[in-house]
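A look at the structure
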Amino acid sequence: MVVTIDRSYTITPSDSSSTTIIPLSHCDQTKLPNHGSQLSLYTTSNSSSSTENFRASLSKALNLYYPLAGRLRWIHGGRLQLLCNSKGVTLLEATCHDNHTTLDMLLENLDNNVLLEQFLPKVDYSVDRIDDMPLMAAQFTRLPGNGVVLGMIICRAVVDGAALGNFMTSWSKLARGEDLDSSLVPFYDRGLLDSLGVSVGPRFEHAEFLTPPLWEEQKEEEPQEIELATVVLKLTKGQVEMLKKKAYHDGVKDGFGNGSNSSNTLSSSRPYTSFEVISGHLWRCICKVKNEGNWGQKTRVCALVNCRNRFKPNLPQSYFGNATFPTVTPTCCFDDIVHKPLGYAIQNVRKAIERMNDEYVRSAIAYIANQKDMNSLRQKLYNLGGGKSRVNPNMYIVSWANFPFYEADFGWGKPVCLVPGSINSDGKVFIMNNGSGDGFIVATCLQQSLVDDLKKLFYEDIEEVYPNSKL
């Protein structure tokens, strides 16, 4: 253990109020009540003088974002309720005593889960009752030299990335002594989101809430628990542009992409986004390295889409809660993803994203509202391949690329790097901007035995797009 906890605080709103109850929206109810994690790495030389201000600004931020100081509790049908009772969030001050664990060393070991988890607050889900469990905890760790790590965990059932981004922006502005503008005042009426689906009723099948394809065992012996590892892949904008050009030319040639010969009606004139091409490329590479000759293996991609701007009229950008809904590609097979041109995988990702219009998302809300047992729906939604003893043929992708996490300057400057704190589910993927804004970081989890193959193939396949191109 290279990190020791020096102090632990419970931070409450500086203006505590009486307990109120906020019903969670139907979208909130689909999320797991555990915590997502995030690590922000900073270069700073004055961390010791800023810790008191760090705590005070968090307390001020909780005045505005008071639900984060509350607790969850279970109610009927596997549903959850949010108690705004000012029990507070946990803040830890810690020190890394290993002189070798510097900021530069961490930046070179972003795939080392054992190391990175030391910079995150811990939650024991086997012991802690949900109504005693903080919705948010932060760990401020000083590194040898001029580095600081801010490790955050936050309850998935309470906020999504957009809401967390607004909170982090507000907290950091208060730490710098700045006033908050009206755009950062959270909008708390979660009933508005629910009402969008009440009068519609489910009008679509909603495969995103059904069990994903499972791995088809090739051997008869009892499956063994697989060893998982994290892979961190870095992309320049030049490499992403190469993938976009390849996808465009695939469409012209084969009629399923952006090209002028395409018969596809899904915004065929719109250029592919970075998210679409990175996701499609990674999907293809994952299918290649996981293939064991089982070319008929079914596979799909599930992605989370921020739907604030997909409703008509839009939800407020300051909406505080979950407004990210899952969408899935058509179910494909390894053979098609691997042997058809890259544009085929990318176009299937595009289909999933463009499906999420006002009509479809309203239908999704109505579908969720009709569920009698939310635990059953969550089990299907998050059953990423059937357990740790089974390979997952699918991907579950989260993008942080459009959230203002790199704006979280607490007086030490902006983060130099941002990564998820831990990825421990086969097929889970995060796509993020890098700290300099000139590229992307892709972090994913898969079998340890396939790590080297994926690293090699991921870049080889990009080079094969235009082998003579200079990045």
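Now for a description of the structure that goes with this document. All residue numbers here refer to positions counted from 1 along the written sequence of the relevant chain. Under the rules for a predicted model, residues below a pLDDT of 70 receive no local features and side-chain atom pairs below 80 are neither given nor counted, while totals for whole chains, interfaces and linings still include all residues. Values shown for side chains rest on all heavy atoms present in the structure; no hydrogens or waters enter the calculation.

Below, the discussion takes up the overall build of the chain. Secondary structure follows DSSP: runs of H or I at least 4 residues long count as helices, runs of E at least 2 residues long count as strands, and numbering of each begins at the N terminus. Counting its secondary structure elements, the chain contains 13 helices and 17 strands. Residues counted as buried form 57% of the 471 residues belonging to the chain. Nonlocal contacts in the chain, meaning residues at least 24 apart in sequence, comprise 80% of its contacts between residues at least 6 apart. Total accessible area computed for the chain in this model is approximately 19,900 Å², and 48% of it derives from carbon and sulfur atoms. For the exposure calls, accessible area comes from a 1.4 Å probe over protein chains only, and a residue counts as buried if that area is under 20% of its type's maximum, exposed if over 50%, partly exposed in between. Throughout, a contact is declared for two residues whenever any of their heavy atoms are within 4.5 Å. In this description, accessible areas are obtained by the Shrake-Rupley approach with a 1.4 Å probe, and a residue is regarded as covered only by the protein chains that are shown.

Our focus in this paragraph is the sheet that holds strand 5 (residues 80-84). A pair of strands is labelled paired if DSSP reports no fewer than 2 bridges between them. As summarised here, the arrangement of the 3 strands in space is 2-5-4, forming an open sheet in which the pairing is antiparallel. Strands with a single pairing partner mark the edges of an open sheet, and in this sheet they are strand 2 (20-23) and strand 4 (71-74). Adjacent strand axes in the sheet meet at a mean angle of 35°, parallel and antiparallel pairs treated alike. Relative to strand 5, strand 4 runs antiparallel, the two being bridged by 4 bridges. Paired with Arg71 across the two strands is Leu83, which belongs to strand 5. Axis lines are fitted through C-alpha atoms, for helices just across the contact stretch, and the angle between N-to-C directions can take any value from 0 to 180 degrees.

Aromatic pairing here means that ring centres of Phe, Tyr or Trp (its six-membered ring) are within 6.5 Å. Orientation follows from the plane angle: under 30 degrees is stacked, over 60 is edge-to-face, and everything else is tilted. By the definition in use, this model includes 22 aromatic pairs. An angle of 70° between the planes, with centres 6.4 Å apart, marks the rings of Tyr42 and Phe410 as edge-to-face. Residue Tyr42 is found in strand 3 (residues 35-43), and its partner Phe410 is found in the loop between strand 14 (395-399) and strand 15 (417-419); the two are separated by 368 residues along the sequence. Here Tyr42 matches Phe410 in class, with each residue buried. Members of the aromatic cluster, each reached through a chain of ring pairs, are Tyr42, Phe54, Tyr65, Tyr66, Phe140, Phe167, Trp171, Tyr188, Phe320, Phe410 and Trp412. Directly above the ring of Tyr360 sits Arg355, whose terminal nitrogen or CZ lies 5.8 Å from the centroid. Only lysine NZ and arginine CZ atoms are considered, and such an atom sits over a ring when it is within 6 Å of the ring centre and within 35 degrees of the ring normal.

Two elements in contact, helix 2 (residues 51-64) and helix 5 (residues 161-175), have axes whose closest approach is 8 Å; the angle formed by their N-to-C orientations is 130°. By the angle between their axes, helix 2 is oblique relative to helix 5. In terms of crossing hand, the pair formed by helix 2 and helix 5 is right-handed. Contacts from Asn53, Phe54, Ser57, Leu58, Lys60, Ala61 and Leu62 of helix 2 reach helix 5 at Phe167, Trp171, Leu174 and Ala175. Each angle is binned into one of four classes, with values under 35 degrees roughly parallel, values over 145 roughly antiparallel, values of 65 to 115 roughly perpendicular, and all other values oblique. Crossing chirality is assigned from the near helix's rotation relative to the far helix, an anticlockwise turn below a right angle marking it left-handed and a clockwise turn marking it right-handed.

Attention now goes to the pattern of salt bridges. Counted as salt bridges are all cases of a side-chain nitrogen of Lys or Arg within 4 Å of a carboxyl oxygen of Asp or Glu. Under the definition given, this model contains 21 salt bridges. Residues participating in the shared-partner salt-bridge network are Arg7, Arg55, Glu93 and Arg142.

Compared with the 21 Å implied by 1.5 Å per residue over 15 residues, the 21 Å span of helix 5 between its first and last C-alpha is a close match. The buried fraction of helix 5 is high, at 15 of 15 residues. Expected helix span is given by 1.5 Å per residue-to-residue step, counting one fewer step than there are residues.

So, on to the sheet that holds strand 7 (residues 136-142). The pairing of strands in a sheet comes from backbone hydrogen bonds and takes either a parallel or an antiparallel form. The strand order across the open sheet built from 6 strands is 1-6-7-8-3-15, with neighbouring strands paired in mixed fashion. Looking at strand neighbours, the two that pair on one side only are strand 1 (3-11) and strand 15, the edges of this open sheet. Adjacent strand axes in the sheet meet at a mean angle of 15°, parallel and antiparallel pairs treated alike. As defined by bridge partners, strand 3 adjoins strand 15 across 3 bridges and the pair is classed as antiparallel. Each bridged residue has a counterpart across the sheet, and for Ser40 the counterpart in strand 15 is Leu418. This element, helix 2, spans strand 1, strand 6 (89-96), strand 7 and strand 8 (147-155) of the sheet and lies at about 160° to strand 6. Sheet contacts for helix 5: strand 3, strand 7 and strand 8; angle to strand 8, the most-contacted strand, approximately 135°.

Right, let's get into unusual backbone geometry. Here the bond from Lys312 into Pro313 is cis, since omega is 0°, no more than 30 degrees from zero. Counting through the fold element by element, Pro313 comes out in the loop between strand 11 (301-306) and strand 12 (324-328). Residue Ser86 is not a glycine yet carries a positive backbone phi of 55°. For Ser86, the position within the fold is in the loop between strand 5 and strand 6. Positive phi outside glycine occurs at His206, with the angle close to 60°.

Further remarks concern the nonpolar core. Note on soluble globular proteins: their nonpolar side chains tend to be buried together. As used here, the term nonpolar core means buried Ala, Val, Leu, Ile, Met, Phe, Trp, Tyr and Cys residues forming a set that is joined through side-chain atoms within 4.5 Å. If you look at the biggest cluster of nonpolar residues, it comprises 78 residues, and the most contacted ones within it are Leu68, Leu72, Phe167, Trp171 and Phe410. Sort the elements by how many residues they give to this core and helix 5 lands first, with 8 residues. Throughout the structure description, domain borders are defined by an automatic or database domain assignment. The residue makeup of this core includes at least three contributed by each of domain 1 (3-197) and domain 2 (206-259 + 266-464). Excluding its chain neighbours within four sequence positions, the residues that come into contact with Phe410 are Tyr42, Phe54, Leu150, Met168, Trp171, Ser172, Ala175 and Arg176. One finds Phe275, Phe325, Val338 and Ile346 within the second-largest nonpolar core, a separate group that totals 66 residues.

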